[in-house]
Amino acid sequence: MALFVLSSKDGWVQIMYNGLDAVGVDLQPVENFNEWRLLFFISFLLLVGFFVLNMFVGVVVENFHRCREEQEAEERARRAVKRAERLERKRQSMKGNVRHLLI
């Protein structure tokens, strides 16, 4: 639970101070007993921060690519319909020209 609170960055300072002051099981805390634990807390916050940021950027980029692919597919379908309409108009005009020549 403490690591979740650290990762959410809400109330992490008190947990860090409690971790720095901890001596052992059933022993009274001593202020700044082990300052090397500070490295754990800072590195954990940095790593989790980068991980969450990376996940956020990854989700945004993935959604962007998905939307772009959907738009490209719609554009290809639109072009195919326009191309078919253009060909149909040419066929109709050519049929009219051939009938005109045969008459």
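Residues numbered from 1 in each chain as written. Predicted model: local features only at pLDDT ≥ 70, side-chain atom pairs only at ≥ 80, totals over all residues. Heavy atoms only, no water.

K.L.:
Account for the side chain of aspartate 21, with residues named and values stated.
P.N.:
Structurally, the position occupied by aspartate 21 is in helix α2 (residues 12-21). Buried aspartate 21, no salt bridge; nearest opposite-charge side chain is arginine 37, N-O distance 7.9 Å. Residue contacts for aspartate 21: discarding those within four places in its chain leaves Pro29, Val30, Glu31, Asn32 and Phe33. (Helix = DSSP H or I, 4+ residues; strand = E, 2+ residues; numbered from the N terminus. Buried < 20%, exposed > 50% of the residue type's maximum accessible area, 1.4 Å probe, protein only. Lys, Arg positive; Asp, Glu negative; His and termini not counted. Salt bridge = Lys/Arg side-chain N within 4 Å of Asp/Glu carboxyl O. Contact = heavy atoms within 4.5 Å.)

K.L.:
Describe the environment of glutamate 35, naming the residues involved and giving the relevant values.
P.N.:
By secondary structure assignment, the location of glutamate 35 is in the loop between α2 and α3 (37-102). The spatial distance from the C-alpha of glutamate 35 to the C-alpha of tyrosine 17 is 9.7 Å, given a sequence separation of 18 residues.

K.L.:
So, the pattern of salt bridges: which residues are in play, and what are the values?
P.N.:
Tallied over the full model, the rule gives five salt bridges. Between arginine 79 and glutamate 75 there is a salt bridge, and its shortest N-O distance comes to 3.6 Å. Note that arginine 79 and glutamate 75 are positioned in helix α3 at a spacing of four residues, about one turn of the helix. Under the relative-accessibility criterion, arginine 79 is labelled partly exposed at 46%. One network of salt bridges, with partners in common, ties together Glu75, Arg78 and Arg79.

K.L.:
Lay out a positive patch on the surface with the relevant residues and their values.
P.N.:
Positive charge collects at one region of the surface, where Lys82, Arg83, Arg86, Arg89 and Lys90 lie side by side. Tracing the sequence through the fold places lysine 82 in helix α3. (Patch = residues over 30% accessible without salt bridge, like charges linked within 9 Å, V, L, I, M, F, W, Y side chains within 5 Å. Areas by Shrake-Rupley, 256 points an atom, 1.4 Å probe, with all protein chains shown as cover. Charge placed at Lys NZ, Arg CZ, Asp CG, Glu CD.)

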